[in-house]
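Per-entry structural report
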Amino acid sequence: MSDSTPGFNTLAIHAGAKPDPTTGARATPIYQTTSFVFEDVDHAASLFGLQAFGNIYTRITNPTTAVLEERVAALEGGTAALAVASGHSAQLIALHTLMAPGCNVVACKRMYGGTINQLSHSFKNFGWDVKWAEGLDAKSFADQIDENTRAVFIESLANPGGVVMDIEGISAVAKEAGIPLIVDNTMATPYLCQPIKHGADIVLHSLTKFMGGHGNSMGGAIVDAGTFDWAASDKYPMLTEPRPEYNDMRLFETFGNIAFAICCRVLGLRDLGPAISPQNAFMLITGIETLALRMQKHSDNALQVAEFLQCHPAVSWVSYAGLPNDPFYQAHKKYCPKGAGAVFTFGLKGGYDAGIELVKGLTLFSHLANIGDTRSLIIHPASTTHRQLSDEQKKAAGAGPGVVRLSIGIEDAADIIADLKQALEKV
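Remember, it's a predicted structure, so these values are computed and weren't measured experimentally. The residue count restarts for each chain, going from 1 along the sequence in the order it is written. This being a predicted model, a pLDDT of at least 70 is required before a residue's local features are given, and a value of 80 or more before pairs of side-chain atoms are given or counted; all residues contribute to the totals for chains, interfaces and linings. Computation of side-chain values covers all heavy atoms of the structure but excludes hydrogens and water.

Details of the overall build of the protein chain
Runs of E in the DSSP output that reach at least two residues are strands. Runs of H or I that reach at least four are helices, and both are numbered from the N terminus. The secondary structure content of the protein chain amounts to 17 helices and 14 strands. We take the radius of gyration over the C-alpha atoms and set the globule estimate at 2.2 Å times the residue count to the 0.38 power. In terms of C-alpha radius of gyration, the protein chain reaches 22 Å, essentially the compact-globule figure of 22 Å for 427 residues. The C-alpha extent of the protein chain, read off along each of the three principal axes, is 70 × 55 × 40 Å. Just so you have it, the protein chain exposes about 17200 Å², and 53% of that area is on carbon and sulfur atoms. Only four residue types enter the tally: Lys and Arg on the positive side, Asp and Glu on the negative side, with His and both chain ends excluded. Taken as the charge centre is NZ of Lys, CZ of Arg, CG of Asp or CD of Glu, depending on the residue. Counting 32 positive and 42 negative side-chain charges, the protein chain places the averaged centre of each group 5 Å from the other. Note on areas: Shrake-Rupley with a 1.4 Å probe; residue coverage comes only from the protein chains shown.

Remarks on helix α15 (residues 351-361)
Using a 1.4 Å probe on the protein chains alone, a residue whose accessible area is under 20% of its type maximum counts as buried, one over 50% counts as exposed, and one in between counts as partly exposed. For α15, the full list of buried residues reads Gly-351, Ala-354, Gly-355, Leu-358, Val-359 and Gly-361. Axial view of α15: buried residues confined to an arc of 165 degrees, hence all on one face. Of the exposed residues in α15, the ones pointing more than 90 degrees away from its buried face are Asp-353 and Lys-360. Buried-residue contacts for α15 involve β11 (343-348), β12 (366-367), β13 (377-379), β14 (403-407) and α17 (413-426). Throughout, the arc means that of the directions going from the helix axis to the C-beta atoms. Residue contacts are defined here by distance: any two heavy atoms, one from each residue, within 4.5 Å place the two residues in contact.

Notes on the sheet that holds strand β8 (residues 202-206)
When DSSP finds two or more bridges between two strands, those strands count as paired. One open sheet accounts for seven strands, arranged β1-β9-β8-β7-β4-β2-β3; its pairing is mixed. Either end of the sheet is taken by a strand with one partner, and the two such strands are β1 (80-84) and β3 (129-133). This sheet shows a mean twist of 20 degrees between the axes of neighbouring strands, independent of strand direction. Axis definition: a line fitted to C-alpha atoms, limited for helices to the stretch in contact. Angles are taken between N-to-C directions and run from 0 to 180 degrees. Along the sheet face, helix α3 (residues 63-76) touches β1, β8 and β9 (220-224) and points at about 130 degrees away from the line of β1.

Looking at the pairing of strand β2 (residues 104-108)
Of all the five residues making up β2, five are buried; the element is thus mostly covered by neighbouring parts of the structure. Residues Asn-104, Val-106 and Cys-108 point to one face of β2 and Val-105 and Ala-107 to the other, with burial holding for every one of them. Looking at chain direction, β2 and β3 are connected through five bridges and run parallel. Bridging across to β3, Val-106 finds its partner in Lys-131. We call a crossover right-handed when, viewed with the strands running away from us, the connection from the first strand over the helix to the second turns clockwise. Where the polypeptide runs from β2 across helix α5 (residues 113-120) and back to β3, its parallel neighbour, the crossover connection is right-handed. Looking at chain direction, β2 and strand β4 (residues 149-155) are connected through four bridges and run parallel. The residue of β4 that forms the bridge with Val-105 is Ala-151.

Quick notes on the packing of aromatic side chains
Note on aromatic pairs: the rings of Phe, Tyr and Trp (six-membered ring only in Trp) are paired at centre separations within 6.5 Å, and the planes decide the class, stacked below 30 degrees, edge-to-face beyond 60, tilted for the rest. Scanning the entire structure with this criterion turns up 11 aromatic pairs. The interplanar angle of 90 degrees and the centroid separation of 5.9 Å between the aromatic rings of Phe-228 and Tyr-236 together place this pair among those described as edge-to-face. Accessibility assignment for this pair places Phe-228 and Tyr-236 in one class, buried. Following the ring pairs from residue to residue traces out a cluster consisting of Phe-228, Trp-230, Tyr-236 and Phe-260. The criterion for a charge sitting over a ring is simple: Lys NZ or Arg CZ within 6 Å of the ring centre, and within 35 degrees of the ring normal. When the ring centre of Phe-8 is taken as origin, the NZ or CZ atom of Lys-338, which lies over that ring, is 5.7 Å away.

Focus: the sheet that holds β14
The strands making up a sheet associate through hydrogen bonds between their backbones, and the pairing can be parallel or antiparallel. Taken together, five strands build an open sheet; the order of strands is β10-β11-β14-β13-β12 and the sheet is mixed. Of all the strands in the sheet, the pair left with one neighbour each is β10 (315-319) and β12. Sheet topology note: the β10/β11 ladder contains four bridges and is antiparallel. Within β11, the position partnered with Trp-317 by the bridge is Gly-347. α15 rests against β11, β12, β13 and β14 of the sheet, and its axis sits at about 125 degrees to β11.

With respect to the pattern of salt bridges
In what follows, salt bridge is the name for a side-chain nitrogen of Lys or Arg lying within 4 Å of a carboxyl oxygen of Asp or Glu. What the rule picks out here adds up to 12 salt bridges. Of the charged contacts, one joins Arg-375 and Asp-373 as a salt bridge, the two residues approaching to 2.6 Å between their closest N and O atoms. For Arg-375, a relative accessible area of 42% gives the class partly exposed. On the accessibility criterion, Asp-373 (6% relative accessible area) is buried. What you see here is one network of salt bridges that share partners, running through Arg-243, Glu-245, Arg-270 and Asp-271.

What to know about the side chain of Glu-411
Relative to the elements of secondary structure, Glu-411 occurs in the loop between β14 and α17. At 6.9 Å, Arg-375 is the nearest oppositely charged side chain to Glu-411, a buried residue that forms no salt bridge. For this analysis, a polar contact is any N or O atom pair within 3.5 Å, provided that within protein one partner can donate a hydrogen and the other can accept it, and provided that sequence-adjacent residues contribute only side-chain to side-chain pairs. Here the side chain of Glu-411 touches Ser-376 through a polar contact of 2.8 Å, side chain to side chain. Apart from residues no more than four positions distant in its own chain, Glu-411 is found in contact with Lys-297, Asn-301, Leu-364, Thr-374, Arg-375, Ser-376 and Ile-416.

Quick word on the packing of helix α4 (residues 87-98) against helix α11 (residues 259-272)
Between α4 and α11, whose axes approach to 9 Å, the crossing angle comes to 110 degrees. One finds that α4 runs roughly perpendicular with respect to α11. When α4 is examined against α11, the residues Leu-92, Ile-93, Ala-94, His-96, Thr-97 and Leu-98 are found in contact with a partner set consisting of Phe-260, Cys-263, Cys-264, Leu-267, Gly-268, Leu-269 and Leu-272. Along the lines of polarity and charge, the residues of the contact of α4 with α11 split into 10 nonpolar, three polar and no charged. Put simply, angles under 35 degrees are roughly parallel, angles over 145 are roughly antiparallel, angles from 65 to 115 are roughly perpendicular, and the rest are oblique. Any residue outside Ala, Val, Leu, Ile, Met, Phe, Trp, Tyr, Cys, Pro, Asp, Glu, Lys and Arg is labelled polar, Gly included; the first ten of those are nonpolar and the last four are charged.

Describing unusual backbone geometry
Within the chain, Asn-247 stands out as a residue other than glycine whose phi angle is a positive 55 degrees. With a phi close to 65 degrees, Asp-248 is a non-glycine residue in the positive phi region. Tracing the backbone shows Asp-248 in the loop between α9 (237-240) and α10 (251-255).

Have a look at this one:
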């Protein structure tokens, strides 16, 4: 490649990869091994002491996974990335680096139900708390931040409603408080939105979804923007204080703008252990190669489907930022100008029972708990993904009783609409 910055499609295919030096294999090999032989004792010592980069054990680093990490970092415009076993693993490792017992994260109420559950319940076992912001304006985040807050956490496109968040405004609030902004960019992917350009300090992904794109592999990623000054306060000791595991090395002092990614790897992934398999890393690398083509088709199809549903008599409302009458239409134009994504919700006039019946009547759509597949997917959140939440939490998350979530695939739009039409007639 030339000295100029490659375009998005070029990075999606080439970033982090080159022909295998031993065999000449063009595709990235699957290094299906647990461990790696050291050159000598000094080489081993330098790797374990963080004085050299290299491979020790696949739980921590692996050549296949390294290609995935470099590619995701390049697409997001970050300085470094860490790949892990799932999106939930990415959230765990990222917050483990920032939090301590008694600390809290300020998060948006408009979020994936599994994340709400993780923050509200599972993480409390670590002594971590969560404070919920309404999310529709930056002030709602400022009102929740206190001296124990260690991060602000949002989704770029909120799941399930596809609400476009004001990343710049929320970033300004986080910066004023001296804490990092974490953005889950799973629904948008870097093709539609690059949160780092709008002020995010850390970007998370469930690579299982649109990045992999084929519903066949689990994975997550943490991207370090390299923008946050971890030494500006004493809030982040894992990055700024001497680490006894590494001869009292201060990670931010040593690694600078990749320190957060390094810390997540050597203090989080190393000990907590949610490593991605080389096989899954390979599958995700392959999926990312067609990311731009798929995301554009996803978004184009979703707009056509949303327009159809908006005019259907059985539908009471459609929440899709790509529709000109949607309250988040202008935000979509600012943050996701290529399209408003594939996932959105709509309400059925028949409520909870109508949602169940619609799911039963579809034939092209797959009824399952996932998004980001090439296939069109449907779920009734109130009875599935958000079932564990209270009625109030369901409504706050955009998952009320008559709400249906669609993840529009890359089939022909006419066929997707035809399937919805026949099922809605039965409802």
